[in-house]
Amino acid sequence: MNGSTVFTFDMSRKSNVIKSDWYQTVRDSAGGFESTFTAREKNRHAIKRRLLSHAFSEKALKNYEPRICNLIDSWIECLGAEAEKDDGCVDLGEWCNYLIFDILGDLGYGQSFELTAKKENRSIVGLVPKATAGWTSLGYHPFTKILRWIIFKTRLGSILGGQSFHDNARFRDFCLQKLEARRQAWTQDTSNEKRSTDMFEYLLNGRDPETGQSYTIGDLACESVLLMVAGSQSTSGALSATFFYLAHHPSALSKSRHEIHNTFPHPSTIHYTHGNPLVTLPYLRACIDESLRLSPPTPGHLPREIVGEGLVIDGCTFPPGTNVGVSPYAIHRTGVFRDPFAFVPERWLDGEHTLGTAFHPFSAGATGCPGRQLAIMELSLTVARLLWKFDLSVVGGTGTGIGDVEYRMRDFFVGEGVGPKLQLVLCPP
């Protein structure tokens, strides 16, 4: 099934599908606590989703924006210094990871992780794909129920779980430590200005609408891990992919830089706020959307289990108990799009984007990514501010702009990209 309608089976909370048993593996790997991502029962997910959505409201994004801009400016400065050490060559994929992790640290825990400035803090980046790789594959194993019980519920886990088990534990401990430090800082703050603008404010003060009780540290840790996983590798991968495709397509890169320079007199005027041209900059957004189409943040399918009396999808009938899913990576390359394997930003300016049911880089429907607008803000600000100051080219020569050059990714629930290693050239507008 590869038609533009196959995404619609999970668009509504009334559809007779639920999250599959695969999500229980993710939940067990996080200590058994339920997060927004792992909540399989629809009413439970709706409650958690509404609570979490406050951290991504329009008001919240407005508060985050200047902090994101400050971190991007520091990142560009450090990136420029790094480029000077090696004739302008940098692994922009690695540096995109550093930036997005610093943003998550600042917005999520009230303090940047300082990966951009300090090399000793960067080991945390590699833990995300290592942690997700383990539970992603385990969830599809035919004996997943008994295996996850052994690995996550008994002492044998540290022996049989392999390196992925220990990487997952290290990542969870990292998130838990940062969350606990954030809670202590909140408790010890006796000033009158106790309200912060970070996203965990809503969780630290949240109460379960069903019981009236506040979240346990385990619940908060689960949401912490969710936001770190979903907000780090996915966004940094999308950012890396955008730079990759622009560098390999000099014409698109030139058009983007021309549009940015003609719109903004100085990088300090580039903001993602109401009324700022960046929000509606057509060609830049077309390049970002085209990169998301070719390299979606979550390339694989998110499995759903059919319940009730079965389900008809795209003319095919599936009985209850069947697991179904749609891979954004696959659906974005179908005949719904003309020249589907090519990087063609112009398709989004020609009305092709009206085929909305075939373009879902952040999933869709009731269980779609609640942080979509934050990701678009990060992508838009970073690409625009970097391209205002630097030109890009592929190491070893310029991109041809011809053929099906594809950004390499590995699917570990989130896409782990390779590179790109590019040459940055400081140049006037």
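Quick notes on the rules
Residues numbered from 1 in each chain as written. Predicted model: local features only at pLDDT ≥ 70, side-chain atom pairs only at ≥ 80, totals over all residues. Heavy atoms only, no water. Axes fitted to C-alpha atoms, helices over the stretch in contact; angles between N-to-C directions. Helix = DSSP H or I, 4+ residues; strand = E, 2+ residues; numbered from the N terminus. Parallel < 35°, antiparallel > 145°, perpendicular 65-115°, else oblique. Left-handed = near helix turned anticlockwise from the far one by under 90°. Contact = heavy atoms within 4.5 Å. Nonpolar A, V, L, I, M, F, W, Y, C, P; charged D, E, K, R; others polar. Salt bridge = Lys/Arg side-chain N within 4 Å of Asp/Glu carboxyl O. Buried < 20%, exposed > 50% of the residue type's maximum accessible area, 1.4 Å probe, protein only. Pairing = 2+ DSSP bridges. Expected span 1.5 Å × (residues − 1). UniProt positions renumbered as here; feature names shortened; annotations may be inferred.

## Regarding the packing of helix 3 (residues 58-84) against helix 4 (residues 92-109)
Reasoning step 1: Closest axis-to-axis distance for the helix 3/helix 4 pair is 10 Å, and the angle between their directions is 150 degrees. Considering the angle they form, helix 3 stands roughly antiparallel to helix 4. As for how helix 3 packs across helix 4, the hand of that crossing is right-handed. The segment helix 3 lies against helix 4, with Tyr64, Arg67, Ile68, Leu71, Ile72, Trp75, Cys78, Leu79 and Glu82 engaging Leu92, Trp95, Cys96, Leu99, Asp102, Ile103, Asp106 and Leu107.
Reasoning step 2: Classifying every residue of the contact of helix 3 with helix 4 by side-chain character gives 13 nonpolar, no polar and four charged.

## Comments concerning the pattern of salt bridges
Reasoning step 1: Per the stated rule, a full pass over the model turns up 18 salt bridges.
Reasoning step 2: As a salt-bridge pair, Arg67 and Asp106 come within 2.8 Å of each other at their nearest N and O atoms. Separated by 39 residues along the polypeptide, Arg67 in helix 3 and Asp106 in helix 4 bring together distant segments of the chain.
Reasoning step 3: Judged by its relative accessible area of 14%, Asp106 is buried.
Reasoning step 4: Residue Glu82 is joined to Lys85 by a salt bridge in which the shortest nitrogen-to-oxygen separation is 3.5 Å.
Reasoning step 5: Members of the salt-bridge network, linked through shared partners, are Asp21, Asp28, Arg40, Arg148, Lys153 and Glu305.

## Quick look at the sheet that holds strand 10 (residues 421-426)
Reasoning step 1: Overall, antiparallel pairing links the three strands, which are arranged 2-10-7 in an open sheet. Bordering the open sheet on either side are strand 2 (89-91) and strand 7 (390-394), each of which pairs with just one other strand. Across this sheet, the average inter-strand angle for adjacent strands is 40 degrees, counted without regard to direction.
Reasoning step 2: Two elements, strand 2 and strand 10, share three bridges in a ladder whose sense is antiparallel. If you follow Asp91 over to strand 10, its bridge partner there is Lys421.
Reasoning step 3: Across the sheet, helix 11 (residues 233-248) lies against strand 7 and strand 10, angled at about 75 degrees from strand 7, the strand it touches most.

## Here's the deal with helix 11
Reasoning step 1: Counted at 1.5 Å a residue, the expected span for helix 11 with its 16 residues is 22 Å, and the 22 Å between its end C-alpha atoms agrees.
Reasoning step 2: In terms of burial, helix 11 is a largely internal element, 16 of the 16 residues being buried.

## Remarks on the UniProt feature "binding site: heme" (unreviewed entry) in the protein
Reasoning step 1: UniProt's feature table lists "binding site: heme" (unreviewed entry) at Cys369, given in the numbering used throughout.
Reasoning step 2: Exposure remark for Cys369: the relative accessible area of 32% places this residue in the partly exposed category.
Reasoning step 3: Leave out the neighbours within four places in its chain, and Cys369 touches Arg49 and Phe362.

## Description of unusual backbone geometry
Reasoning step 1: A cis amide bond links Gly419 with the next residue in sequence, Pro420, at an omega value of 10 degrees.
Reasoning step 2: Residue placement: Pro420 occurs in the loop between strand 9 (414-417) and strand 10.
Reasoning step 3: Of note in this structure, Asp339 is not a glycine but carries a positive phi near 50 degrees.
Reasoning step 4: Of note, Asp339 is situated in the loop between helix 14 (328-331) and helix 15 (372-389).
Reasoning step 5: What makes Asp339 exposed here is its relative accessible area of 54%.

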